[in-house]
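One letter stands for each residue in the lines below.
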Amino acid sequence: MDVHPENDMTGLVLDIQRYSLDDGPGIRTTVFLKGCPLSCRWCQNPESISPAPEIGFRAERCIGCRTCQKACPADAIMFDNADRIDRGRCTACGACAEGCPSRAMFAVGKRYSISKLLEEVKRDAAFYEESGGGVTLSGGEPTLQFDFTLAFLKACKEAGLNTAIETNGLAASDNLRKLLPYLDRIYFDLKIINSVEHQRLTGADNRQILENARMLVECRAPVDFRLPVVPSMTANKANISEIGVFLKKVGVREIGLCPYHENWVTKLSWLGRRDSPPAELQKPLTSEELLSVIDMFSQEGINARSVEGEIAAR
Amino acid sequence: MTTTASRKSAIDDSELISAAVAARGDLSPRIARMREQVLRAPREISLVRAREVTKAVKQNPDRPRAIQLALGMKEALRKLPISISDDERIAGAHGEKTKCAVLYPEVKSDFLIAELQNFTERETLRFSITDEEKRELREEILLFWKNKSAFDDMMSRQSEDIHFLVDNIAIVIQNDFNGANHLAHIDYEKVLQKGFEGIIDEAKAAMARIESDDPEREGKKSFYTSVIIASEGVIGLASRYSQLAHASASGATSHERAQELREIAEICERVPAKPARTFQEALQAVWLTFIGIAQLDVGQEIPLGRVDQYLYPYYRSDVEEGGLTRSEALELLEEFYIKFNKVTILGEYAVTKVNDGNTSRYELTLGGVGKDGKDATNAFSYLALEAVNNMRLISPNVAVRLHPDSPEAFVNATTNLMTNGANVMHVFNDEVMVKGATRLGWPIQAARDYVLTGCVEPIPGSTYGSPCSAFINGPKILELFLNGGRPMISVCGDEQDLPSPKCSSFAEFYGKFTDYLRSILEKTMDALDIACEIQKRLLPNPILSALIDGTVENGKDIKSGGARYNLLGIDLLGIGTLADSLAAIRKIVYDERQHNLEEVVEWLKSGFRGYEKERQRLLNHLPKYGNNDPYVDEIAKDIVDFMDEVLKEKRTYRNGSWVLGLHSEAHHVYQGAIVAAMPNGRPEGEMLSAGAGPTPGMDREGPTSSLRSMATIDYTKVYAGASCNMRFNPTLFSNQESVGQFASMLKTYFFRLGGQHLQVTVADTETLRKAQQHPEKYEDLFVRIAGYSARFIDLTKPTQEEVIRRSEMCACG
Ligand code: SF4
Ligand code: SF4
């Protein structure tokens, strides 16, 4: 279909991931939208949290040509700085990234119009058709760019694509309802039930999230709940049993588990962040930990399985 | 692809032994023992064949070469020391040592002379040879062939231009002289249905029918005679095994073994002289026929054809009526597979490197449509796959043909095997292959009956090749073109005078480049005409001719054009590198006019020394084949279309079709070493893109984009085979769903996008380790992590270690 130019708003896209296997049925393309209302301590995509464009710098790729410095209108490139970019001055205009020959400087977040993004995802249409796959919107939190998300999902549906969304659930209920007609599947993150803990570890209250979870089940939306399995933070006996109780109360008996990976830690330095996460977040989740979570869920009568496939015994 | 470089590199001896450990646990003890034995056996040399052929040539100086060779072969099979091991139920070996190579000095002797001292010491693929064997080889065999082998003769007749191109590795002439020898559509069914006695009768009858005034009378007579002698040679070998089995029965260790030996005696008395009646007879007949063929060719790539078609009737009737159980049949088939691992090839060292650890490839073809166009998959196709999974050996190489109506279960069995880490097989698209052959004029039945012949080269029914007769090094041609005909690095040979490549538009530039490419192609075709003439004169092949349709009717050896249909393939090497480089020139010189051509040439000549910034920009900011960017994909497509047009203008020496191939084995590594820096940012000496694939590491958007780029090429125009090898980490196949997604990807690539071939290398630990050391070369290595496929090189060290640990687990699964 043609997107009407007046409706062709733009959204800030972090990344487009093709041949995604765990974000819904079949072969999928996952579009990550930038910006998130939560800031989970374990967030594996720290570059997705800010709703504004950013600039990343990978020191190991830099060949020292200083093209970036010449290109920068804000005089924000500091060769004697450990981070190279003076984040206070940088306006994220992207000139350095454009000029950097080795892609050491790179833009984090790129604007796409609905039509351009649709064109991008439609390139794999043959694969979706054969496999029963489609497009998954993820983030950040896609509902944060609500108008764009709604328009894009509509456009996907009009193009006959299967659609899914990955949401943390922190959105106005009305907004979520508006998306429902254009969604074939919703992957809804349940992180922590205890509201104090939730506030402490994600920076936001969870009342709205839990209410949305209940609402989606009640209106029989095609929702699958998922838990990011983070050592000690979410993967503790108390939280899991509370999640179990919550799920049973709303009448759900299944949950998908997303094992924690510590891969993101390097990304902090790309963004010039010097903070380092607590020790328990610096190593990947082990199979034993994952298996024990599965076990705890089964004691609650909940069938939990890893979205990444079978777990090799180690 | 190779059936490909990375796949083959996993077959060094040590790896074979570890593969042995990884194989299925419930092999029968005899199979496990035989498998273990062949895995551990050192490589040796059998001189019998070279000795007897040399003698026959010396002793019959006045007889035609076909007769000399047939006599030599027959004598070799008469003198070859033979044995039957305690575990064997199928008798026969092509040499007297467990794992050995026979030598073909009449084909190419120079490297044997030069490298004889080194066989035991070279870096890879060492061969043991005793001092006495060395002496005999040097004094009695090689001395005779010095400067007299067919290859020497062929090269001495080539033009200076060809020598220049060959010396600079802008082209490589193979044509059954060196390296790959992808053969023909061998009619094993004929052996099973008529037996060699039937073949002899047929030859005799044809000889009797030669008209007295036939101008080709003498040639025909000696052709038929050579077929008869060669056939007698194979029958003679079988009866020796029969006698040996019979004699051994009385001293057998057990009553059961005595009974088995008596069975072997009976079977070898009957086949391959007479038609086969049982499954075991059929396997025995094919194996002895193979041994016969291996005596008279370079023997490197003798295709086994559609085993699930010609063996199925015997299997079915034995199972239905003869009391054969499926597991007995499986065991026999496993033994049959093991045997091919005893056959090895002593190659020229340079060529050995190209083959990257795997010198011989005996390929069997499974599945696909029958001559009637309907699905021909049968119960034996599944049995054959099961045996492959159980054996996990380098031979036979397994090609599976798929079409839109292939049974779901067969597709699943195939994709399971492709993704389980065995890395032993590859798949082909019937739709594209059949169209490719009919487009060239093959009748539909022959087109549907194609087999794979070693790597990725198809051969239709009733056809003689070789589909892999020369390589044209695309990037080297660009280097020469940009530099007025002179190599930019390692100059050897004379300069050619080419006009300056300076042009006012890309269209003009591209036109001049393709003119040059045309001239190279035409010279290569001329060179191959000379090669074919030498083949005809010095290397007739009576045993193979006996088994290729058309020869008996025509009264001509295959090398004289006796086969019903003929083709010769020329491969373009490095299409990804070439397309990326042309796209870069187009963009920066003509579209954006940032630089002029002289500047670009200057960067290349300097190997980018002092131009790292420019190189990085070329690498990172320009369109690259493999990302579904039409700007560059269209160039790859155009080059294929162009070469197809040029090839269509001529017929081969044997009046066959010229066909284009896009595969590289490991040539992209070895030939890349002498190619200057390229405008795509590739430094001097680095490997080129492999097969039909993108430049390694440049397909940044994942497998679907890479496949869409490759599918831009019209593969019906690439009938000499295009290899598409993808690297995956085992984590991407961690559950049945993801294997299913892979199957969907494969089907999309084949039946919606028109892909021809796909092979998956499940990247092993070694690859992952290399990726840690050289991340820049592994940008395309995807692993499954955090719910999606991630690039391995983007992971942190501990996660990489974690993935390595995981992949080690899965790879053996
Ligand atoms: S993004 Fe713009 S302002 Fe920021 S460092 Fe780069 S060039 Fe300077
Ligand atoms: S432009 Fe890129 S490579 Fe050059 S100095 Fe800046 S960051 Fe480094």
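Rules used in this analysis
- Residues numbered from 1 in each chain as written.
- Chains lettered and ligands numbered in written order.
- Predicted model: local features only at pLDDT ≥ 70, side-chain atom pairs only at ≥ 80, totals over all residues.
- Heavy atoms only, no water.
- Near = heavy atom within 4 Å.
- Nonpolar A, V, L, I, M, F, W, Y, C, P; charged D, E, K, R; others polar.
- Pairing = 2+ DSSP bridges.
- Helix = DSSP H or I, 4+ residues; strand = E, 2+ residues; numbered from the N terminus.
- Axes fitted to C-alpha atoms, helices over the stretch in contact; angles between N-to-C directions.
- Polar contact = N/O pair within 3.5 Å; in protein donor to acceptor, adjacent residues only side chain to side chain.
- Contact = heavy atoms within 4.5 Å.
- Core = buried A, V, L, I, M, F, W, Y, C linked by side-chain atoms within 4.5 Å.
- Buried < 20%, exposed > 50% of the residue type's maximum accessible area, 1.4 Å probe, protein only.
- Phe/Tyr/Trp six-rings, centres within 6.5 Å; stacked < 30°, edge-to-face > 60°.
- Lys NZ or Arg CZ within 6 Å of the ring centre and 35° of its normal.
- Parallel < 35°, antiparallel > 145°, perpendicular 65-115°, else oblique.
- Left-handed = near helix turned anticlockwise from the far one by under 90°.
- Expected span 1.5 Å × (residues − 1).
- Disulfide = S-S within 2.5 Å.
- Arc of directions from axis to C-beta.
- pLDDT = per-residue confidence, 0-100.

## Some thoughts on the site of ligand 1
Point 1. Taken together, 13 residues are adjacent to ligand 1, and A:Cys72, A:Cys90, A:Cys93, A:Gly94 and A:Cys96 come closest.
Point 2. Classifying every residue of the shell around ligand 1 gives 11 nonpolar, 2 polar and no charged.

## Comments concerning the sheet that holds strand β1 (residues 10-20) of chain A
Residue and element names in this part refer to chain A.
Point 1. If you walk across this open sheet you meet the 9 strands as β5-β1-β2-β6-β7-β8-β9-β10-β11, and the pairing is mixed. Lying at the two open borders of the sheet, with one neighbouring strand each, are β5 (110-113) and β11 (303-306). Taken pair by pair, the neighbouring strands of this sheet meet at an average axis angle of 35°, ignoring direction.
Point 2. Bridging between β1 and strand β2 (residues 28-33) involves 5 bridges; their strand directions are antiparallel.

## Structural notes on the side chain of A:Asn212
All names here are of chain A.
Point 1. As for its position among the elements, Asn212 is in helix α8 (residues 207-218).
Point 2. Here Ser173 takes part through its side chain, which lies 2.6 Å from a polar atom of the side chain of Asn212.
Point 3. With sequence-adjacent residues up to four places away left out, Asn212 is seen in contact with Gly169, Ala171, Ser173, Leu176 and Phe188.

## So, the nonpolar core
Residues and elements named next belong to chain B.
Point 1. Ranked by size, the top nonpolar core spans 237 residues in total, and within it Phe279, Leu482, Phe509, Leu582 and Tyr715 carry the most contacts.
Point 2. It is helix α23 (residues 506-538) that contributes the most residues to this core, 15 residues altogether.
Point 3. Setting aside residues up to four positions removed in sequence, Tyr715 forms contacts with Val432, Tyr625, Ala692, Met710, Ala722, Tyr749, Gly754, Gly755 and Gln756.

## Some details on the packing of aromatic side chains
Point 1. By the definition in use, this model includes 27 aromatic pairs over all chains.
Point 2. Measuring from ring centre to ring centre gives 6.4 Å for A:Phe148 and A:Phe152, while their planes differ by 5°; the resulting arrangement is stacked. In this pair, A:Phe148 and A:Phe152 are both assigned in helix α5 (residues 146-158), 4 residues apart and thus about one turn of the helix distant. As far as the burial class goes, A:Phe148 and A:Phe152 line up, both buried.
Point 3. Centre to centre, the rings of B:Phe336 and B:Phe340 are 5.0 Å apart; their planes meet at 85°, and the pair counts as edge-to-face. A residue pair is termed a helical-turn pair when its members lie 3 or 4 positions apart in one helix, as B:Phe336 and B:Phe340 do in helix α16 (residues 326-340) at 4 residues.
Point 4. Residue class for B:Phe336 comes out buried when judged on its relative accessible area of 1%.
Point 5. Put simply, the rings of B:Phe481, B:Phe506, B:Phe509, B:Tyr510, B:Phe513, B:Tyr516 and B:Tyr590 touch in pairs and so form one group of aromatic residues.
Point 6. The lysine or arginine in question, B:Arg401, covers the ring of B:Tyr450, its NZ or CZ lying 3.9 Å from the ring centre.

## Comments concerning the packing of α23(B) against helix α29 (residues 630-648) of chain B
Any two packed helices are characterised by the angle at which their axes cross and by the distance between the axes.
All names here are of chain B.
Point 1. The geometry of α23 relative to α29 is characterised by a closest axis approach of 10 Å and an angle of 40° between their N-to-C directions. In this view, α23 runs oblique relative to α29, as classed from their interaxial angle. Of the two elements, α23 crosses α29, and the hand of that crossing is right-handed. Together, Phe506, Tyr510, Thr514, Leu517, Arg518, Leu521, Glu522 and Met525 of α23 and Ile635, Asp638, Ile639, Phe642, Met643, Val646 and Leu647 of α29 make up the contact between the two elements.
Point 2. Looking at the contact of α23 with α29 residue by residue, the class counts come to 11 nonpolar, 1 polar and 3 charged.

## Let's talk about helix α5 (residues 65-79) of chain B
Residue and element names in this part refer to chain B.
Point 1. Helix length check: α5, at 15 residues, gives a terminal C-alpha distance of 21 Å against a target of 21 Å (1.5 Å per residue), a fit within 8%.
Point 2. Looking only at α5, the buried set comprises Arg65, Ala66, Ile67, Gln68, Leu69, Ala70, Gly72, Met73, Ala76 and Leu77.
Point 3. Tucked into the core, α5 has its buried residues touching α4 (48-59), α7 (131-145), α11 (217-249), α13 (279-295), α23 and α24 (542-545).

## Points about the state of the cysteines
Point 1. In the structure shown here, the tally under the stated rule is 0 disulfides over all chains.
Point 2. The cysteine B:Cys532 is free of any disulfide, with B:Cys468 supplying the nearest cysteine sulfur at 13 Å.

## Things to note about helix α27 (residues 597-605) of chain B
All names here are of chain B.
Point 1. Taken together, the buried positions of α27 are Leu597, Val600, Val601, Trp603 and Leu604. Here the buried residues of α27 occupy an arc of 155° about the axis, which is enough to place them on one side.
Point 2. Taken together, the buried residues of α27 touch α22 (474-482), α23, α26 (575-591) and α28 (612-621).
Point 3. Looking one or two places after α27, you find Gly607, whose phi comes out positive at around 65°.

## Here we look at the confidence of the model for chain B
Residue and element names in this part refer to chain B.
Point 1. Mean pLDDT for chain B: 88, with 89% of residues reaching 70 or above.
Point 2. For the stretch residues 807-813, pLDDT sits under 50, and the model shows 13 contacts to residues farther than four places along the chain or on other chains.
Point 3. With pTM at 0.91, the complex prediction returns an ipTM value of 0.92.

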